[in-house]
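# Geometric and topological summary
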There are 2 protein chains.
Amino acid sequence: MTQQSPDPLLSPDRTPTLAGVERAAVKVAALLPQTPLLPLDVGGRTIWCKAECLQPVGAFKIRGAWHRLTDLTPDQAAAGVVGVSSGNHAQGVAWAAKRLGIKATIVMPSNAPQMKLAATRALGADVVLYDRVTESRDAVAANLLDERGGTLVHAYGDPWIIEGQGSMGIEARAQLTERGIAGPDKVVACCGGGGLSAGLALACPDAEIVAVEPEGWDDVTRSLAAGEILSVEDLAAPTECDALQTPQTWPINFAVLQARGVRGVVVTRDEVRHAMRVAFEKLHLVVEPGGAAALAAILAGKVEPGEATLVTLSGGNVEPQKYAEIIAG
Amino acid sequence: MTQQSPDPLLSPDRTPTLAGVERAAVKVAALLPQTPLLPLDVGGRTIWCKAECLQPVGAFKIRGAWHRLTDLTPDQAAAGVVGVSSGNHAQGVAWAAKRLGIKATIVMPSNAPQMKLAATRALGADVVLYDRVTESRDAVAANLLDERGGTLVHAYGDPWIIEGQGSMGIEARAQLTERGIAGPDKVVACCGGGGLSAGLALACPDAEIVAVEPEGWDDVTRSLAAGEILSVEDLAAPTECDALQTPQTWPINFAVLQARGVRGVVVTRDEVRHAMRVAFEKLHLVVEPGGAAALAAILAGKVEPGEATLVTLSGGNVEPQKYAEIIAG
């Protein structure tokens, strides 16, 4: 389906590396200003919140998409890309594709938030819907690639995506250094399939990494505890964290997470909602449920802050009615 | 009341200058990271939104307060400061005072948002309430200064405050330059008493400056049109823009605004609410009503964007219930 390049760096089966994260960080820095790293006092300790909801598509996903699409060969670029996403990766791929003049087809769940579907289409992508409960999104994507050709840009199971998301860690390290702070010594990341967590694990080799999932969608947490990849048991499990609804991590992610001794933590709906309210009141940021999971884990006392804790506020794409309901809570 | 310094730069009656704005910008840059300058597409044109709601106290007011308090003589600092504010300047002064170990007393309207009162007290300031309709806040402050001594830190009628707020313009100019953009050629600012507008007029000497007020509290707009300082006619006029409820600008502000040919524009409640929803959806920023007035003027077509338009998103301190009501709108 995808063209194989003779350059091992350009093989989709390659292993993501810190050097790759650093290369991605240079490309992202040339394209986008740094997102703010905002201090927040939690019980007398300062944690550092990376406001990725301020990215052009409202989420960090623009990082990996840009790194992947800018490394396509001219032939690959001409054939277009196929993305698979619950919404934020969709917008990241569509944004990068539009900017580079590449045709993008995105496989999205039919129950994705309307604003994410609309935003992806507004960026010029062709959206193909699937049913989250009865269909495998990876199978739908594979069929599309068979029919149309092109390169798969997976939402997390891809070395470029992992490296690209990791660029957030390089940026945060530089921002801490500017403030005279060494670190981070701890990284708490919102986790769906483990693309961001794996990228940050590569970017911050000396930090403890914690991957935070919403209850019901805790496959990475259970997989890391079990030492093998496990799937979400109930694909109809309710959650407000649509951005983190991934049924299973991929070996490329799991290998990085396991090698670094990453642990998973699970947060409840109410813990996430509380974190959204704190981000509203203290930081004046609109954070979507899936983007508030990491902060929720700290505020709930499930993760103890370190000396210099990096927390991802991964995205801010939430429907106004839903947000109003949560904030007024 | 205030001690007079022999240094003309340190006299409270001095005229604010571009050199003073630049000096303030250096001091602010040493203290606080830049706030993001976020692009927003408005009918095919890009405007540049300065996200001052991300400042530590949730508003730009920290700039002027820091510039003023760091220029106090040791004797002045020991005697403490008295601020007058509807809430955001209060927090700015309280924040700077706490950081510098200076005692702060703040005169605030009794109907200020509870979160602004609570946040000011939480920063260690002594809050003295007054009635917005029946009492003059300046008279209340003058009485306090007679009783307690100390230095008045007015919310807008003060050369340091004007220069400090203007540091936002120096920062924005540098951020535009980094993106290879000359400008700004137009600056659209939320306007209460005219501290920010005057500061930006000094900071951006080549730009057209527009001061935006909420309906009912349009004294600066009417004053600029009349060529003399006029007051708000109905001090009980309802508005959601509590941050912009100033009864009258001061000569020090008016002189700068008039000399630069600044014009005023008035926005309605619904225009402000729409701007808050756009900031929510497109920028993922929580902006309070008074902080959204400038954006409202552009979105309502009352101000035409220029080639490089700077728009102030001045603050984000809004009660959750009120915000939810507006966003769900």
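Residues numbered from 1 in each chain as written. Chains lettered and ligands numbered in written order. Predicted model: local features only at pLDDT ≥ 70, side-chain atom pairs only at ≥ 80, totals over all residues. Heavy atoms only, no water.

## Structural notes on the pairing of strand β5 (residues 126-130) of chain B
Residues and elements named next belong to chain B. Taken together, the 5 bridges between strand β4 (residues 104-109) and β5 define a ladder with parallel strand orientation. Note that in β5 the partner of V107 across the bridge is V128. Running through helix α5 (residues 114-122), the crossover from β4 to the neighbouring parallel element β5 is right-handed. (Pairing = 2+ DSSP bridges. Helix = DSSP H or I, 4+ residues; strand = E, 2+ residues; numbered from the N terminus. Right-handed = clockwise from strand over helix to strand, strands pointing away.)

## Some words on the environment of A328 of chain A
Take A328 of chain A: it is sitting in helix α13 (residues 320-328). Along the primary structure A328 of chain A and R277 of chain A are separated by 51 residues, whereas in three dimensions their C-alpha atoms are 8.6 Å apart. Beyond its immediate stretch of four places on either side in the chain, A328 of chain A contacts Q321 and A324 of chain B. (Contact = heavy atoms within 4.5 Å.)

## What about unusual backbone geometry?
Residue and element names in this part refer to chain A. At the junction of G183 and P184, the peptide bond is cis and its omega measures out at 10 degrees in the coordinates. Mapped onto the elements of the fold, P184 is located in the loop between α7 (159-178) and β7 (186-190). The phi angle at H284 is positive, at roughly 60 degrees, despite the residue not being glycine. Tracing the backbone shows H284 in the loop between α11 (269-283) and α12 (293-299).

## A look at the packing of helix α2 (residues 62-69) of chain A against helix α4 (residues 88-100) of chain A
Residue and element names in this part refer to chain A. In contact at an axis separation of 8 Å, α2 and α4 are set at 40 degrees when each is read in the N-to-C sense. In terms of axis orientation, α2 runs oblique to α4. Crossing angle aside, the handedness with which α2 passes α4 is right-handed. Of the residues in α4, those touching α2 at I62, A65, W66 and L69 are G92, V93, W95, A96, A97, R99 and L100. (Axes fitted to C-alpha atoms, helices over the stretch in contact; angles between N-to-C directions. Parallel < 35°, antiparallel > 145°, perpendicular 65-115°, else oblique. Left-handed = near helix turned anticlockwise from the far one by under 90°.)

## A word on the sheet that holds strand β5 (residues 126-130) of chain A
Residues and elements named next belong to chain A. Here we have 4 strands laid out as an open sheet, ordered β5-β4-β3-β6, and parallel in their pairing. One side of each edge strand has no neighbouring strand; the edge strands of this open sheet are β5 and β6 (151-153). Sheet twist, expressed as the average angle between the axes of neighbouring strands with direction ignored, equals 25 degrees. Across 4 bridges, strand β3 (residues 81-84) lies against strand β4 (residues 104-109) in parallel orientation. Note that in β4 the partner of V81 across the bridge is A104.

## Focus: the confidence of the model for chain A
Summarising the model, chain A shows a mean pLDDT of 94, and 96% of its residues fall at 70 or more. Residue range residues 1-6 of chain A is modelled with pLDDT below 50. Its contacts to residues more than four positions away, or to other chains, number 14 contacts. (pLDDT = per-residue confidence, 0-100.)

## Examining the sheet that holds β4 of chain B
All names here are of chain B. Spatial ordering of the open sheet is given by β5-β4-β3-β6, a layout of 4 strands whose pairing is parallel. With partners counted over all chains shown, the strands left at the sheet margins are β5 and β6 (151-153), one partner each. Shown here is a sheet whose adjacent strand axes are inclined to one another by a mean of 25 degrees, direction ignored.

## Some details on α13 of chain A
Those residues of α13 of chain A that sit buried are Y323, A324, I326 and I327 of chain A. Relative to the axis of α13 of chain A, the buried residues are bounded by an arc of 165 degrees and lie together on one face. For α13 of chain A, the elements touching its buried residues are α11 of chain A together with α11 (269-283) and α13 (320-328) of chain B. (Buried < 20%, exposed > 50% of the residue type's maximum accessible area, 1.4 Å probe, protein only. Arc of directions from axis to C-beta.)

## Comments concerning the relation of the copies chain B and chain A
Its rotation angle being 180 degrees, the transformation that places chain B on chain A also includes 0.0 Å of axial translation and leaves an RMSD of 0.0 Å. In symmetry terms, the pair is related by a two-fold rotation axis. No C-alpha of chain B approaches the rotation axis more nearly than that of A324 of chain B, which lies at 2.1 Å. (Least-squares fit on C-alpha atoms with pLDDT ≥ 70 in both.)

## What to know about the interface of chain B and chain A
Tallying the contact residues gives 24 residues for chain B and 24 residues for chain A. Buried surface at the junction of chain B and chain A, summed over both partners, amounts to about 1900 Å²; 69% is from carbon and sulfur atoms. Three residues stand out in chain B for area buried against chain A, namely L54, F280 and H284 of chain B, and they jointly supply 33% of the buried area on that side. Viewed at the interface, chain A and chain B are joined by 0 salt bridges. Across the chain B-chain A interface, the total number found is 10 residue pairs in polar contact (both at pLDDT 80 or more). Elements with a contribution of two residues or more to the side of chain B that touches chain A: α11 and α13 of chain B. The residue makeup of the side of chain B that touches chain A, split by class, is 16 nonpolar, 5 polar and 3 charged. (Buried area = accessible area lost by both parts, 1.4 Å probe. Salt bridge = Lys/Arg side-chain N within 4 Å of Asp/Glu carboxyl O. Polar contact = N/O pair within 3.5 Å; in protein donor to acceptor, adjacent residues only side chain to side chain. Nonpolar A, V, L, I, M, F, W, Y, C, P; charged D, E, K, R; others polar.)

## Some words on the nonpolar core
By size, the foremost hydrophobic cluster in this structure holds 80 residues, and its most contacted members are V212, L285 and Y323 of chain A together with L285 and Y323 of chain B. With near-sequence residues (within four places) excluded, Y323 of chain A lies in contact with M276, F280, L285, V286, V287 and V318 of chain A together with F280, V286 and Y323 of chain B. Among the nonpolar cores identified, the runner-up in size contains 29 residues, and L202, C204, L224 and L310 of chain B belong to it. (Core = buried A, V, L, I, M, F, W, Y, C linked by side-chain atoms within 4.5 Å.)

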